[in-house]
Amino acid sequence: MKSGIATLVGRPNVGKSTLLNQLVGTKVSIVSDRPQTTRNQVRGVWNAPPGARGVPEDGAQVVFIDTPGIHKPKTELGRRLNQRSIETLDAVDVVCFLIDATADIGAGDRYIAGLLADVGTPAVLVLNKTDAAGPNDILEHLAGAAGTLGDFAAYVPLSARTGEGSEALLGEITGRLPDGPLYYPDGVVTDQPDTFLAAELLREKLLAMAREELPHSLAVTVEEIEDRPAVGDKDALLVLRAVVRVERDSQKGIVIGKGGAVIKEAGTAARLELEALLGTRVHLETHVKVEKDWQRRPDALDRLGF
Ligand SMILES: Nc1nc2c(ncn2[C@@H]2O[C@H](COP(=O)(O)OP(=O)(O)OP(=O)(O)O)[C@@H](O)[C@H]2O)c(=O)[nH]1
Ligand SMILES: [Mg+2]
């Protein structure tokens, strides 16, 4: 069969995580309109449907890696996140370099293009958000990318939101895969543990509710998980204990909200989505803690898994 690994890279907010979810057909990576939402390499697996065009009889599998948006770092966290993205560039079979059709091509895009030129991995230029751009914008961006960002193996305009154009991207990637093994068995869509997904969903809900400087200061971990089997007429229950960390006392107040309203609403939204994704009942306990300046402290970052 044909198989390989493809990384999704680009500036913050260009839609890498939205595209990963669209490609694998389910939510594996959280999305927000705040830059620097993704903080880990998140894997999602795509298996070619049997009989698809250009796919050999024995099938094809692409393991996509969603990465943090590459940016000019202001903190040690930012520096480490960039590292997590950049290290994928020479470790994969194909790079998908996303740019945003609703924003000008800028210095951030050119910086990433320079990194790509250094590694020489085959790269596909993905122009995302075509649903929100006019035909002229799309042509200008494609011409601009070809003129200023380098030579790409292919140029694919698409909308990660609607899925329009994503089949063309899968075709371009599949055509560049080497012979390889089945990396993940059929039915597996991601390698991330449920605890990670739960923590990320809670962070996503808080990001949607929080404002200003808070997003970067949020870190969510799930520190305990207990799988309670069904007993008698009681359904099975997944019990999770999440800790939300912020950097200052004032932020703790914002996250908790009046009478606990904010954390309660975010927790409920995260729980409902987790129940739908995992197909089991969930009890999500939340605690909010202050961890002073964790984004800037190497010891705290190490402890939090960054
Ligand atoms: N109109 C439109 N909006 C999109 C599309 N793809 C993503 N978005 C929006 O763009 C914003 C950023 O999307 P994400 O998928 O979180 O972007 P990202 O590149 O993963 O961002 P980071 O993780 O911060 O690097 C969200 O508000 C998305 O809803 C698209 O195809 N069309
Ligand atoms: Mg993301």
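The structure displayed is predicted, hence computed values, not measured ones. (Residues numbered from 1 in each chain as written. Chains lettered and ligands numbered in written order. Predicted model: local features only at pLDDT ≥ 70, side-chain atom pairs only at ≥ 80, totals over all residues. Heavy atoms only, no water.)

### Comments concerning the coordination of the magnesium ion (ligand 2)
Each pair of donors in an ideal octahedron of six around a metal sits at 90 or 180 degrees, and each pair in an ideal tetrahedron of four sits at 109.5 degrees. We apply this condition: Metal-coordinating donors are taken as N, O and S atoms lying within 2.8 Å of the metal, or within 3.2 Å when the metal is Na, K or Ca; because water is left out, some sites can appear incomplete. Here a strand is any run of E in DSSP of at least two residues, a helix any run of H or I of at least four, and the numbering for each starts at the N terminus. Three exposure classes are used, based on accessible area relative to the maximum for each residue type with a 1.4 Å probe and protein chains only: buried under 20%, partly exposed in between, and exposed over 50%.
Around the magnesium ion (ligand 2), the donor atoms from the protein are Ser17 (OG) and Thr38 (OG1), and they sit 2.0 to 2.1 Å away. Of the two residues, Ser17 sits in helix H1 (residues 16-24) while Thr38 sits in the loop between H1 and strand E2 (42-47), which places them 21 residues apart along the sequence. A relative accessible area of 8% means that Ser17 is categorised as buried. The class of Thr38 is buried, set by a relative accessible area of 9%.

### Digging into unusual backbone geometry
With a phi close to 75 degrees, Asn13 is a non-glycine residue in the positive phi region. Structurally, the position occupied by Asn13 is in the loop between strand E1 (2-10) and H1. With relative accessibility at 30%, the residue Asn13 sits in the partly exposed group. For Gln36, which is not glycine, the phi dihedral falls at a positive 65 degrees. Counting through the fold element by element, Gln36 comes out in the loop between H1 and E2.

### Focus on the sheet that holds strand E8 (residues 237-246)
Backbone hydrogen bonds are what pair the strands of a sheet, in a parallel or an antiparallel way. Definition in use: At least two DSSP bridges between two strands are needed for those strands to be called paired. An axis is simply a line fitted to the C-alpha atoms; with a helix, the fit covers only the stretch in contact. Between two such axes, the angle follows the N-to-C directions and lies from 0 to 180 degrees.
Judged by pairing direction, the sheet is mixed, and its three strands sit side by side in the order E7-E8-E9 without closing on themselves. One side of each edge strand has no neighbouring strand; the edge strands of this open sheet are strand E7 (219-228) and strand E9 (281-290). Ignoring which end each strand starts from, the neighbouring axes of this sheet average 15 degrees apart. Relative to E9, E8 is paired through ten bridges, and the arrangement is parallel.

### So, the packing of aromatic side chains
Just so we agree on the cut-off: Any pair of Phe, Tyr and Trp rings, taking the six-membered ring for Trp, is counted once the centres come within 6.5 Å. Such a pair is stacked with planes under 30 degrees apart, edge-to-face with planes over 60 apart, and tilted for the rest.
One pass over the full model with this rule turns up three aromatic pairs. Summarising the aromatic geometry, the rings of Phe152 and Tyr155 are spaced 5.7 Å apart at their centres and angled 85 degrees between planes, so their arrangement reads as edge-to-face. According to the relative accessible area criterion, Tyr155 is partly exposed, its value standing at 30%. Ring pairs connect the aromatic residues Phe97, Phe152 and Tyr155, which therefore count as one cluster.

### A word on the domain arrangement of the chain
Applicable threshold: An automatic or database domain assignment provides the domain bounds reported here. Should any heavy atoms of two residues lie within 4.5 Å, those residues are considered in contact. Buried area: the sum, over both parts, of the accessible surface (1.4 Å probe) that disappears when the two are put together.
The domain boundaries assigned to the chain delineate domain 1 (2-174) and domain 2 (194-303). Relative placement of domain 1 and domain 2: their C-alpha centres are 28 Å apart. Taken together, the contacts link 18 residues of domain 1 with 23 residues of domain 2. Note on domain 1 versus domain 2: buried area summed over both sides is about 1700 Å², and carbon and sulfur give 52% of it.

### Structural notes on the nonpolar core
One broad rule of soluble globular proteins: the nonpolar side chains tend to lie buried together. Where we set the bar: Among buried residues, the Ala, Val, Leu, Ile, Met, Phe, Trp, Tyr and Cys ones that are joined through side-chain atoms within 4.5 Å form a nonpolar core.
Grouped together as the largest cluster of nonpolar side chains are 28 residues, with contacts concentrated most on Leu19, Phe64, Val126, Leu169 and Ile173. Every element with two or more residues in this core is listed here: E1, H1, E2, strand E3 (60-66), strand E4 (94-100), strand E5 (123-128), strand E6 (154-157) and helix H5 (166-174). By residue number, the principal contributor to this core is H1, which donates four residues. Discounting residues that sit within four places of it in the chain, Leu169 has contacts with Leu19, Leu23, Cys96, Val124, Val126, Val156 and Leu158. Grouped together as the second largest cluster of nonpolar side chains are 26 residues, Leu214, Ala242, Ile263 and Ala270 included.

### Observations concerning the pairing of E1
Put simply, side chains in a regular strand alternate between the two faces of the sheet. Of all the nine residues making up E1, seven are buried; the element is thus mostly covered by neighbouring parts of the structure. Judged from the seven bridges that link them, E1 and E3 form a sheet pairing that is parallel. Of the residues in E3, the one forming a bridge with Leu8 is Asp66.

### Looking at helix H9 (residues 261-278)
Applicable threshold: For a helix, the expected span equals 1.5 Å multiplied by the residue count minus one. Directions pointing from the helix axis toward each C-beta atom define the arc.
With 18 residues, H9 should reach 26 Å at 1.5 Å per residue; the first-to-last C-alpha distance of 26 Å fits that figure. Taken as a whole, H9 has its buried residues at Ile263, Ala266, Gly267, Ala270, Leu274 and Glu275. Taken around the axis of H9, the buried residues stretch over an arc of 165 degrees, which confines them to a single face. Those residues of H9 that are exposed and angled more than 90 degrees off the buried face are Lys264, Glu265 and Ala276. Lining the buried residues of H9 we find helix H6 (194-209), E8, helix H8 (249-256) and E9. Just downstream of H9, Gly279 is the residue with a positive phi angle, here 65 degrees.

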